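Structural features, examined
The primary structure of each chain is shown beneath.
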Amino acid sequence: MVSRSDGKTSALPRPSAAPTFLYNGIHDEITFIGQTDQLYANDCARGSTIDFYRDPVVEHVSGIPVFIAKAIGYLRARFAGSPAPNTCPPAGQTSSKPIHG
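This text gives an overview of the structure that appears in the document. (Residues numbered from 1 in each chain as written. Predicted model: local features only at pLDDT ≥ 70, side-chain atom pairs only at ≥ 80, totals over all residues. Heavy atoms only, no water.)

Pairs can form between side chains of opposite charge once their charged atoms are near each other. Per the counting criterion, the structure on display carries one salt bridge. The partner of arginine 54 in a salt bridge is aspartate 37, and the shortest N-O contact between them spans 2.7 Å. With arginine 54 in strand 4 (residues 50-55) and aspartate 37 in helix 1 (residues 33-45), this residue pair connects regions lying 17 residues apart in the sequence. Each member of the pair, arginine 54 as well as aspartate 37, is classed as buried. (Salt bridge = Lys/Arg side-chain N within 4 Å of Asp/Glu carboxyl O. Helix = DSSP H or I, 4+ residues; strand = E, 2+ residues; numbered from the N terminus. Buried < 20%, exposed > 50% of the residue type's maximum accessible area, 1.4 Å probe, protein only.)

Let us look at the nonpolar core. The biggest cluster of nonpolar side chains holds eight residues, and these are Leu22, Ile33, Leu39, Tyr40, Cys44, Ile50, Phe52 and Cys88. Only helix 1 and strand 4 provide two or more residues apiece to this core. In terms of residue count, helix 1 provides more of this core than any other element does, four residues in total. Each residue touching cysteine 44, except ones within four places of it in the same chain, is listed here: Ile50, Cys88 and Pro89. (Core = buried A, V, L, I, M, F, W, Y, C linked by side-chain atoms within 4.5 Å. Contact = heavy atoms within 4.5 Å.)

Moving on to the pairing of strand 3 (residues 20-25). By the criterion of burial, strand 3 is predominantly enclosed, with five of the six residues buried. Looking at chain direction, strand 3 and strand 4 are connected through six bridges and run parallel. Looking across to strand 4, one finds that asparagine 24 is bridged to arginine 54. For the segment spanning strand 3, helix 1 and strand 4, crossover handedness is right-handed. (Pairing = 2+ DSSP bridges. Right-handed = clockwise from strand over helix to strand, strands pointing away.)

Before going further, it helps to spend a moment on the layout of surface pockets. In this model, the largest pocket occupies a volume close to 290 Å³. Lining the largest pocket are 18 residues, with Tyr23, Asn24, Asp28, Thr31 and His60 positioned closest to its centre. When contributions to the lining of the largest pocket are tallied by element, the ones reaching two or more residues are strand 3, helix 1 and helix 2 (64-79). The biggest single contributor to the lining of the largest pocket is strand 3, with five residues. Tallied by class, the residues present in the lining of the largest pocket amount to nine nonpolar, seven polar and two charged. (1 Å grid on protein atoms, 1.4 Å probe; cavity = no way out; pocket = protein on both sides within 12 Å on 5 of 7 lines; lining within 4 Å. Points joined across faces, edges and corners; volume = space filled by probe spheres on them. Nonpolar A, V, L, I, M, F, W, Y, C, P; charged D, E, K, R; others polar.)

With that out of the way, let us pick up helix 2. For helix 2, built from 16 residues, the straight-helix expectation of 22 Å at 1.5 Å per residue is met to within 8% by its first-to-last C-alpha distance of 22 Å. Following helix 2 by one or two positions, glycine 81 has its phi on the positive side, about 90°. (Expected span 1.5 Å × (residues − 1).)

Looking now at the state of the cysteines. In total, this model carries one disulfide according to the counting rule given. Cysteine 44 shares a disulfide with cysteine 88; S-S distance 2.0 Å. Measuring the twist about the S-S bond at about -75°, one finds the cysteine 44-cysteine 88 disulfide to be left-handed. With cysteine 44 in helix 1 and cysteine 88 in the segment after helix 2, this residue pair connects regions lying 44 residues apart in the sequence. Each member of the pair, cysteine 44 as well as cysteine 88, is classed as buried. (Disulfide = S-S within 2.5 Å.)

Keep in mind these numbers describe shape, not what the thing actually does.
Right, here's the structure in full:
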């Protein structure tokens, strides 16, 4: 994300060269889900490969153990040569809320 002078954030202007893992709890009181949803939607529209886990239960602190386990699993799979999962909607469809878990 890029911080702007107006305090908002925006996605990069081109797709990420590397696959991305995103995790956010919908009740997170520090990293608001709406900002993550917007980043996800913008980057998907640019053609990035993103595996987004949108946790329906946790908030910022209670999500740490779940996040760590999922992040380690994601990294292990990448280093083992498995293709990165992509929860972005197919081209032409718009959705900022993946069904993933």
